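Listed below are the residues making up each chain.
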Amino acid sequence: MSFQEDLLAWFDQSAREMPWRDSRDPYAIWVSEIMLQQTQVATVVPYFERFMHAFPTVFALAAAPQEKVLKRWEGLGYYSRARNLQRGAQLVVSAYGGKIPRSLEEILKVPGIGPYSAGAILSIAFGLPVPAIDGNVIRVFSRLDTLRHAFDSAQPRRALSERVAALIPPERAGDFNQALMELGALVCKPRQPLCTDCPVQVHCQAYAEGQPEQYPYKGKKTQVKTLLLDVAVIQDGQGRVLLQQQTQKGIFKGLWCLPWRVAEAAAESQLAGQSLCWGESMTVIEHVLTHRRLQMQVRSARWQGANGPDLVWVNAAQNQDYAVPVAHQKILDFVRAHPLLFEMYTQA
Ligand code: SF4
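Conventions adopted
Residues numbered from 1 in each chain as written. Predicted model: local features only at pLDDT ≥ 70, side-chain atom pairs only at ≥ 80, totals over all residues. Domains from an automatic or database assignment. Contact = placed C-beta atoms within 7 Å. Helix = DSSP H or I, 4+ residues; strand = E, 2+ residues; numbered from the N terminus. Nonpolar A, V, L, I, M, F, W, Y, C, P; charged D, E, K, R; others polar. Core = buried A, V, L, I, M, F, W, Y, C linked by C-beta atoms within 7 Å. Buried ≥ 20, exposed ≤ 12 C-beta atoms within 10 Å, placed from the backbone. Pairing = 2+ DSSP bridges. Axes fitted to C-alpha atoms, helices over the stretch in contact; angles between N-to-C directions. Near = placed C-beta within 6 Å. pLDDT = per-residue confidence, 0-100.

**Structural notes on the domain arrangement of the protein chain**
Reasoning step 1: Assigned domains within the protein chain: domain 1 (3-214) and domain 2 (225-343).
Reasoning step 2: Computed over C-alpha atoms, the centres of domain 1 and domain 2 are 35 Å apart.
Reasoning step 3: Each side of the interface is counted separately: domain 1 has 11 residues, and domain 2 has nine residues.
Reasoning step 4: Listing elements by their share of the side of domain 1 that touches domain 2, those giving two or more residues are α5 (66-73) and α6 (80-96).
Reasoning step 5: Looking at the side of domain 1 that touches domain 2 residue by residue, the classes come out as three nonpolar, four polar and four charged.

Below, the structure is given as structure tokens:
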């Protein structure tokens, strides 16, 4: 049997159920593909269902307040995905009458849709034979073809894209792309691939060589940088904490955080630093992002500034309205678990 036949026969038997899998609604597929970037399927499922319930159409998403969109995204991380998804929805409504474009050239103009998402949406929703190259597909083909180069530039991606495009069966484009991703996620895993159960084992050169884990070839490793931050826990007499909306460019833009500053730059103070009286350090909480490790020194503090539109006092246990990134949610959980620690700094 051909590679395509082996792969699709396995996919027909083994594909996991996912709430977006039976859908041909390009908007639903778009949302699912954006959520699935950097995030596991099991984590995405409940977020997807809640998000689609809140914003069932591209029109609903385009018209929603950004605050509400970020709140529905809270906990998934990589919030720029949510902001871009909404900007994309707004463009689809204003420029395309709410219809997601069917051509590769047009769909790539939509914010947040890159070559991978474009391929996934066009093939799954519209059945077009456009490849969708993600990390799973790179790994699978690096092993199938024993590719001894990294995929950190445009040229090898283009070559792989052409290789996959030539394999796509026109009548099952969407299934083929999904089958490749599923194979990478379930069988051809980064470590200890399940070669003995692999439906395309007879087509695989790395298996024949006996060392599949040598692929994909790793380029230079990206350094994970450690950032030391001071984070302020400011409470009022009613057990509420002060959150500040992040208005500056950065990964938390639009979200609500405890006031913070870069520890090394404490003298210059960031964000609300001018109006903050920093107290002692209570603990250090760590949070790891893709290329950064945040070491957050949690300090009690008092607020001496005026209230403003970017500041809000919230009861963290009942916060339904303000999207807080996971890093700061961890601190709020710590504060809730240690109420007495911060009590003496409570503001009148
Ligand atoms: S045989 Fe092993 S290495 Fe090759 S594609 Fe299958 S799981 Fe991956």
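**Structural notes on the nonpolar core**
Reasoning step 1: One finds V31, I121, V231, A232, V233, V241 and L258 to be the most contacted residues of the largest nonpolar core, which totals 84 residues.
Reasoning step 2: When residues of this core are assigned to their parent elements, the largest contribution, eight residues, is made by helix α2 (residues 26-36).
Reasoning step 3: Of the residues that make up this core, three or more belong to each of domain 1 (3-214) and domain 2 (225-343).
Reasoning step 4: Setting aside chain neighbours within four positions, we find L258 in contact with V231, A232, V233, V241, L243, H328 and I331.

**Some details on the sheet that holds strand β6 (residues 292-303)**
Across a sheet, strands are paired by hydrogen bonds formed along the backbone, either parallel or antiparallel in direction.
Reasoning step 1: Spatial ordering of the open sheet is given by β4-β1-β6-β5, a layout of four strands whose pairing is mixed. Each edge of the open sheet is held by one strand with a lone partner, namely β4 (260-262) and β5 (276-288). The average angle at which neighbouring strand axes cross in this sheet is 25 degrees, direction not considered.
Reasoning step 2: Of the strand pairs in this sheet, strand β1 (residues 225-233) and β4 are connected by three bridges, and their pairing is antiparallel.

**A word on the sheet that holds strand β3 (residues 256-257)**
Reasoning step 1: Reading across the sheet, the three strands line up as β3-β2-β7 and stay open at both edges, with antiparallel pairing between neighbours. Among the strands making up the open sheet, the edge pair consists of β3 and β7 (311-314).
Reasoning step 2: Pairing geometry for strand β2 (residues 241-245) and β3, over two bridges, is antiparallel. In the sheet register, Q244 faces β3, and the bridge partner there is C257.

**Remarks on the site of the ligand**
Reasoning step 1: Taken together, 15 residues lie around the ligand, and C188, C195, C198, C204 and P212 are the ones closest in.
Reasoning step 2: With three residues, the single largest contributor to the shell around the ligand is helix α9 (residues 135-144).
Reasoning step 3: In terms of residue class, the shell around the ligand is built from 13 nonpolar, one polar and one charged.

**With respect to unusual backbone geometry**
Reasoning step 1: A cis amide bond links Y215 to the next residue, P216, at an omega of 0 degrees.
Reasoning step 2: Backbone geometry at Y78 places phi at a positive 45 degrees, although glycine is not the residue there.
Reasoning step 3: Inspection of the secondary structure assignment puts Y78 in the loop between α5 and α6.
Reasoning step 4: One non-glycine residue, T146, lies in the positive phi region at around 40 degrees.

**Some details on the confidence of the model for the protein chain**
Reasoning step 1: Mean pLDDT over the protein chain: 90, with 95% of residues reaching 70 or higher.
Reasoning step 2: Per-element confidence in the protein chain ranges from a low mean pLDDT of 74 for helix α14 (residues 339-343) to a high of 98 for helix α4 (residues 58-63).

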